[in-house]
Each structure stands twice: as structure tokens, then as C-alpha cells.
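Fold and contact review
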Amino acid sequence: MDAKPYYTPLNKEMQSLAEERVNPRFPVREMTHFLDGSPEATALKEKFMLDLERDPLWRMDDSANLSLAEVRERTMAKNRSILHYLANEPVHIFRQRMNTISLVDPAYWTRLGVHYGLFFGALQSQATSSQMAFWVSKGALTVNGMYGCFAMTELGHGSYVQGLETISTFDAASDEFIVHTPSITAYWWIGGAAQSATHAAVYAQLIVNGKRHGVKVFVVPLRDPKTFKLLPGITIGDIGKKMGRDGIDNGYIQFTNVRIPRSYMLMKYSKVLRDGTVVDPPMAQLAYGALIQGRVAMVVDSGNTAKKALTIATRYAAIRRQFASPGAADETKLLDYTIHQHRILTLLAQTMAMHFTGVQMDKMYVDLMDKLESARPGDDMAPVLATLKSTHATSAGLKAHCTWATLNIIEQCRQSLGGHGYSSYTELSAMASHWAVQCTWEGDNTILTLQSGRYLVSSYREAVAAAAKAAKTGAKPKPTGIAYLGELPGILSRQCADPLTAPESLTPAVLREAFAVAAATMVHKAALEFEAAYKATKDVEKAYEECAHARFMAAKVHSAGYLFDRFADAVVDDASVPAALRPTLVRLLLLYGAHTVSENAGVFLQSGYLSAAQIGAIQAHVNALLKEVRRDAVPLVDAFNLSDYVVNSPFGRKDGNIYEHYFDQVRRLNPTLKEHPYFESTIKPLLHRSMDEMDAPELDDE
């Protein structure tokens, strides 16, 4: 164990933080290695942080003072160093580098991510091997000769991709497609379009011989890479300043009868032959893999971003003192107030749940894609497709759940800094602005939650049908992919027998079962509403709409339970967890589960598994757990191992010298001017304006 604080304190603030680090209950460095995956992964992350900190192009402390034009230019200039790594590092190493970059400059992560993740990702998932080789030879991988963007969102269409208006019509005579935007609802919000992109991956309605064949993907050149002039038929504009991520140049695109070769349609799955024959894939679901990648990345990013926000808020709460108890020699630390522990430490537990869920989801995605890529004609694809369907729905619900949670975490951390949270130099206000878009892009969160809920209702119906069939035939019911649905109907009447009042009575097993029963109950409720609506309307879509709120709530409970399960898998069920770390991690697991139950008491009471008295007992456990986690708070955020450069906030400095660095940053970035910029034009006329009474006629006496 560490016996000394990590720093020699120089002032009161530094002393306050240093005392939090004396005799931590777990080895901090070992926790860092465990969270990162290995000592080697930690070393790599530290290398990435240092690379960025020492690169003059990656200065970040003055970001709040930059204009829109300055932000965009500086963001694009960062490509000079990063593209070297893109061309020379293995893919898995470069992905880890980008994970670090997303914490430092989300706008740059987006600007390159639009090309690398979306445009190049579309090529990877939708192009044939020969098409892929062609576009790589043109510079798609190395961003040498082309820079891509991703056109899927229109001014009038977002989440409903099948409703896109832009059309791509096959002209058999010339063996070309004609891409055309028929109305004002052009492609909108297209990252990189305004000032950067030379090519676009365009999602448009395929029309062959007057018949629509759904939305397909086409590579459409936008600008001449040498002159950067727009090509014939291309209209592009800048949509201007946004709420956040101004380093990405979002724009609009209109196509006016733009011709492209037939081979510019990506044909890994759907194909258009020379004679106009359209060949659709036997398993259209295979295209879902491209959607899953982005959603899994956002679950991972949620945990990482929440760690940064909590590093700032937790260190500040361990330093900032407010009000003094009678007889106390000093004011009380914010972190010692029970209400502040509820405010911050419950979010710390939630962040750890997102971390371990992200790790597991990333592994699941890689394994799934390996199976899809290795599939050969004649293989039994049913198990893989079932996994694909389940992962697609799960990732949709988790993307929504985790990005919403992280936005709340950032905002709660910002507010916890009091008035200082309103300063742009705390980093938290910028984080909130940058993060908000995560709740909308890659699928609006409400829509994705409903999609997840639809899958749950569908799985419930399949489970009920399978159980009924098994009862008749004596065969074992087929697993649904959702464990608790395999326990129907008995799980719906399950109750917790323990009063949960004893100190050790709240266990991971009890909470896991509580989540399972609650989720099963909510899905059951949504399914009953669906069946009633379907019986009345005989229309599946109307029935799903009628139970929309119920399936929305079911998906939220399912996602919260999924996080608990993955957290428990990682810290309870995995025998490889270091013994010195397990007690701390299990306390966080219990805090996440107990606090979630407490905050959603109505749902858990409705399930019948827990009584009102047991809910009250769980709330008492929350208070006890907070006192324990309070002791570990600063060592835990230290274990996140984010350098001061990455944190980019004087209030989250590792040495605790927050006020001196904040004062220095404010003076450095806002020097006193020799002359007032608008005294003569505005203030002087205001202060010295005439106050003479206006002339007015006298009134006759009445």
C-alpha cells in the first residue's frame, strides 16, 4: 500500500488533497492497470497523453478564447501529426490513441472520425474487396488525395433513414448512377462538408427501371482534390456555429443530376449488374454491423468522458471547504457532506459500471465481426444472426442509456463547482456543450430506446410462444438471448425473502435478481399492452406505437440492469480480479445497484420483488456505502490516470494547487488592456449623457 501522499503539499489546498492520499485502501497503480487492461496498456495511454501535451499543435488551455474560424483551422492543423500515426500504427493501437484524443479534443476526434470512422467505416462494411482496394489506392486509408464525409442526415430526415429523399437513379445507357436532391431538404449537418471533404459516402434511394430498391451507399466526389473547387452539380454550404464541437465544419450538400460510375455504389451486399438487375443480399441483417460499431464506441466514450468530469469534481470537492461545524478548527470539505456524497459518489459508481460495460461490449463487437467476416457460403448462420440481432438491440439501448447518463454526470459535476462551474476555464462547460450531441447523432436516444424496447417485447413474445410449445411437446424451450425471459412466468412472482436490514445482507446476487425481476415485469407489462392493442387493431405497427411508453420504460430498466450484470461479471464473477482491488470494486458495484434501486423505487416496488420496507433498508445501505466509498474517492479518480493536460482544468489538478493555477490562467488569457476597447464609443456617452428635463407645454388649471 502507498504510505505517503503522492505530492509534497505547498499550500492549504494542496495539503487538503494530499491528505486524501495517505494510506489508500487499495494499490492505486494496480487499479490503473486493471482498469486499462494491463500495465502495457497503461504505458501506451501515458505515451499518447505525453505525445499530445508536447505537440504545439495540441495546445488546449486557450480553447475557450478562440473564434469559430480559429477553432476550425487549429483543429484541421492537428492532422499534421495524427495522420502520421494513422498511416504507421496498427489499427488497434491507433484506436486506443483516438480514445485518448476524444478526451482532449472531441471536435478533432469528430473531424477525423467522420473520415476514418464513418466514411472509411462505410467502405469497410459495404464495399467489395476490389472496391475497397480501389478506394484505398486513392488515399481513403491514409487521407492522402481524398478526405471523406458521411451523408445520411437530411434537413427533413434524421432517424428515419428509409425516408431519405435524395435519389440515385441507374442509367443503363451510360452505366452510371444519377444522384439528385429533389427538394430543399438537402443533406444537412454533414461533418467535414463545409470546408474539408473531397468525397462523400452518400445514402440515397436506389431507383432502377422506375422501381425503388431502398437506401444504398454511393461514393460521390465533391471537390477536385488539387484545386478544391466544387465539381459540377455539387452545391455545398456552411451551416455555421453550433452548440459545441465547432472544430468540425458541418455543412449542407445538394446534388443536381450528378453522374457517377456504377462501380461507385458499394456492393458488398446489394448489387446492380450491368443490365440493371438488382441483387439483394440473402441476409440483409449483415449490414447492421456498421451501426453497432459507432454505438459501442459511444458506450466506451461515455465511461471515459465521465471519468474526466469526475476527476475534476472529486478533487475539487476534496479541496474546497464550505462552512464550519461548531468548535471545528476549519471549514468542512464538500466531500464530507452527505448530500455531496450522494451528488458525486453515486455518479462515480455509475461511471465504473459504464466502464466495465464498455469493455465487455467492445469485446463482444470484435468477436461478432470476426464471426461475420469468417462466415462462408453454406455455414449455419442462425446463431451468428441471432447474436447480431441481440447485439444490435442491446447496443441501441446502451448508447442511449450511457450518453444520457454521461451528460447528466458532466452537468452535475459542473454544478458541484458552484459559481466556478460557470467559467469556461473549468472545462466542464465545454464538456457539456461537446457531449450533448452524443444524445442525438448515431440515432436519437429516444428512438434507440424504443428500438431496444421493441426487441424486448418481440423476445418476450418468442419466449412465451416457445414455452407454450415446449409444454405441449416436452421439449426444452429455446433460449431467447435474454436470460430473465427464459425464466418466465415464474420470475414474475419472485420475492426477496431477506429483510435486507443486516449490514452484510445486501449482496450482488440480491441486486442482480432485483434487476432481473424488475426488467421482466416491465417487459411483461409492455407485452400485455402490445397484445391488447394488436387484438384491437390487427396492426403490428399500431400495436407497437400504443405500447411505446411501456417499452421505453422496459428498455431503460433493462439497460440499467445490463450495466449491473456486466459490472458484476467483471468484479465478482471474474476470478482474475486482483484480491487487493476486489473489496473496493464490490463496494462500488453495490453502490451503483442500491442507488439505482433507490432512485427507481416505484419500478422495483411494482415488480413485487422488493417491499417498501426492503426499499427503505436499501436506502440505508446507500448511506453506509457512501461513507465507505468516500474514503476511496480521490485514490479512485487518481487511478483513472488522466494527466493535468488531458483534464485541462485548474480545478482538477493532481497537485491540488487549484486557485493559483486558475488565477494564473485567467490573467494569462485575459491580459489587462492599455486602453479600454469601448469606453469612448459606448461607456463615455452613457455616463455623460444629458439629463436636462424636456421642454413641455404648461397645462391650464382645472
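The sections below set out a description of the structure shown in this document. Keep in mind that what you see is a predicted model, and the values were worked out from it rather than measured.

Section: the overall build of the protein chain
The number of helices and strands found in the protein chain is 22 helices and 11 strands. Taken over C-alpha atoms, the radius of gyration comes to 29 Å for the protein chain, in line with the 27 Å a tight globule of 702 residues would show. Per-residue burial for the protein chain yields a buried fraction of 53% across its 702 residues. The long-range fraction of contacts in the protein chain, counting pairs at least 24 apart against all pairs at least 6 apart in sequence, stands at 74%. For the protein chain, the accessible surface area stands at approximately 32,400 Å², while carbon and sulfur atoms represent 56% of it. Here the protein chain carries 72 positive and 74 negative side-chain charges, and the mean point of each set is 7 Å from the other.

Observations regarding the nonpolar core
With 149 residues, the main nonpolar core has Ile 82, Leu 112, Tyr 484, Phe 604 and Leu 610 as its most contacted residues. For this core, the element with the most residues is helix H14 (residues 508-537), which contributes 15 residues. Residue contacts for Phe 604: discarding those within four places in its chain leaves Ala 514, Phe 515, Ala 518, Thr 596, Val 597, Tyr 609, Leu 610 and Ile 615. One finds Ala 127, Met 152, Ala 197 and Ile 236 within the second-largest nonpolar core, a separate group that totals 48 residues.

With respect to the sheet that holds strand E8 (residues 251-255)
As summarised here, the arrangement of the three strands in space is E4-E8-E7, forming an open sheet in which the pairing is antiparallel. A single partner strand is all that each edge strand has here, and the edge strands are strand E4 (187-190) and strand E7 (234-238). When the angles between neighbouring strand axes are averaged without regard to direction, this sheet yields 25°. Taken together, the two bridges between E4 and E8 define a ladder with antiparallel strand orientation. Paired with Tyr 187 across the two strands is Ile 253, which belongs to E8.

Thoughts on the packing of aromatic side chains
Per the stated rule, a full pass over the model turns up 21 aromatic pairs. On the basis of an interplanar angle of 80° and a centroid distance of 5.2 Å, the ring pair of Trp 58 and Tyr 108 is categorised as edge-to-face. Taken together, the residues span a long stretch of sequence, with Trp 58 in the loop between helix H3 (39-53) and helix H4 (68-77) and Tyr 108 in helix H7 (residues 106-126) at a distance of 50 residues. As far as burial versus exposure is concerned, Trp 58 and Tyr 108 are alike and both buried. On the basis of an interplanar angle of 45° and a centroid distance of 4.5 Å, the ring pair of Phe 530 and Tyr 544 is categorised as tilted. One end of the pair, Phe 530, is in helix H14; the other, Tyr 544, is in helix H15 (residues 540-546), and 14 residues separate them in sequence. Classification of Phe 530 by relative accessible area gives buried; the value is 0%. One aromatic cluster is present, formed by Phe 515, Phe 564, Tyr 592 and Phe 604 through successive ring pairs.

Brief notes about the packing of helix H6 (residues 91-104) against H7
Each pair of packed helices can be summarised by the angle the axes make with each other and by the distance between the axes. Two numbers describe how H6 lies on H7: the axes approach to 7 Å, and their chain directions differ by 145°. Along the contact surface, H6 presents Val 91, Phe 94, Met 98, Ile 101, Ser 102 and Val 104, while H7 presents Pro 106, Tyr 108, Trp 109, Leu 112 and Tyr 116. Tallied by class, the residues present in the contact of H6 with H7 amount to 10 nonpolar, one polar and no charged.

Digging into helix H13 (residues 445-473)
The terminal C-alpha atoms of H13, which comprises 29 residues, lie 42 Å apart, in line with the 42 Å expected from a rise of 1.5 Å per residue. Between the side-chain oxygen of the N-cap and the backbone nitrogen of Thr 446 there are 3.0 Å, and the N-cap of H13 in question is Asp 444. A positive backbone phi angle near 85° is found at Gly 474, which sits one or two residues after H13.

Observations concerning the environment of Ile 178
For Ile 178, the location among the structural elements is in strand E3 (residues 176-180). We classify Ile 178 as buried; its relative accessible area is 18%. C-alpha of Ile 178 to C-alpha of Leu 511: the two residues are 333 residues apart in sequence and 57 Å apart in space. If we ignore the near neighbours within four places in the chain, the residues touching Ile 178 are Ile 167, Ser 168, Thr 169, Asp 171, Asn 257, Val 258 and Arg 259.

Side note on the pattern of salt bridges
By the definition in use, this model includes 49 salt bridges. Among the salt bridges present, the one from Arg 414 reaches Glu 411, with a minimum N-O distance of 2.8 Å. Here Arg 414 and its partner Glu 411 are both found in helix H11 (residues 382-416), three residues apart, which amounts to about one turn of the helix. Under the relative-accessibility criterion, Arg 414 is labelled buried at 18%. Judged by relative accessible area, Glu 411 falls into the partly exposed class, the value being 24%. In this structure, a network of salt bridges that share partners links the residues Lys 12, Glu 19, Glu 20, Arg 321, Asp 330, Lys 333, Asp 336 and Arg 630.

As for the pairing of strand E2 (residues 167-171)
Along E2, four of the five residues are buried, which leaves the element largely enclosed by surrounding structure. In this structure, E2 lies alongside E3, joined through five bridges in antiparallel fashion. The partner of Asp 171 across the bridge, within E3, is Glu 176. Hairpin connection from E2 to E3: four residues lie between these consecutive antiparallel strands, with Asp 175 at a positive phi of about 60°.

Remarks on the environment of Val 219
For Val 219, the position within the fold is in strand E6 (residues 211-221). Considering only alpha carbons, one finds Val 219 and Arg 274, 55 residues apart in sequence, at a separation of 18 Å.

A short note on the pairing of strand E9 (residues 258-261)
Alternating positions in E9 separate cleanly, Val 258 and Ile 260 being buried on one face and Arg 259 and Pro 261 remaining unburied on the opposite face. Pairing of E3 with E9, which is carried by four bridges, proceeds in the antiparallel orientation. Bridge pairing links Glu 176 to Pro 261 in E9.

Quick look at unusual backbone geometry
Each neighbour pair has its own omega, and for Leu 488 with Pro 489 the value is -5°, a cis peptide bond. Relative to the assigned elements, Pro 489 resides in the loop between H13 and H14. If you check the backbone angles, Asn 641 has positive phi at about 60° while not being a glycine. Of note, Asn 641 is situated in the loop between helix H19 (612-639) and helix H20 (644-647).

Definitions and limits used
Residues numbered from 1 in each chain as written. Predicted model: local features only at pLDDT ≥ 70, side-chain atom pairs only at ≥ 80, totals over all residues. Heavy atoms only, no water. Helix = DSSP H or I, 4+ residues; strand = E, 2+ residues; numbered from the N terminus. Rg over C-alpha atoms; globule rule 2.2 N^0.38 Å. Buried < 20%, exposed > 50% of the residue type's maximum accessible area, 1.4 Å probe, protein only. Contact = heavy atoms within 4.5 Å. Areas by Shrake-Rupley, 256 points an atom, 1.4 Å probe, with all protein chains shown as cover. Lys, Arg positive; Asp, Glu negative; His and termini not counted. Charge placed at Lys NZ, Arg CZ, Asp CG, Glu CD. Core = buried A, V, L, I, M, F, W, Y, C linked by side-chain atoms within 4.5 Å. Pairing = 2+ DSSP bridges. Axes fitted to C-alpha atoms, helices over the stretch in contact; angles between N-to-C directions. Phe/Tyr/Trp six-rings, centres within 6.5 Å; stacked < 30°, edge-to-face > 60°. Nonpolar A, V, L, I, M, F, W, Y, C, P; charged D, E, K, R; others polar. Expected span 1.5 Å × (residues − 1). Polar contact = N/O pair within 3.5 Å; in protein donor to acceptor, adjacent residues only side chain to side chain. Salt bridge = Lys/Arg side-chain N within 4 Å of Asp/Glu carboxyl O.

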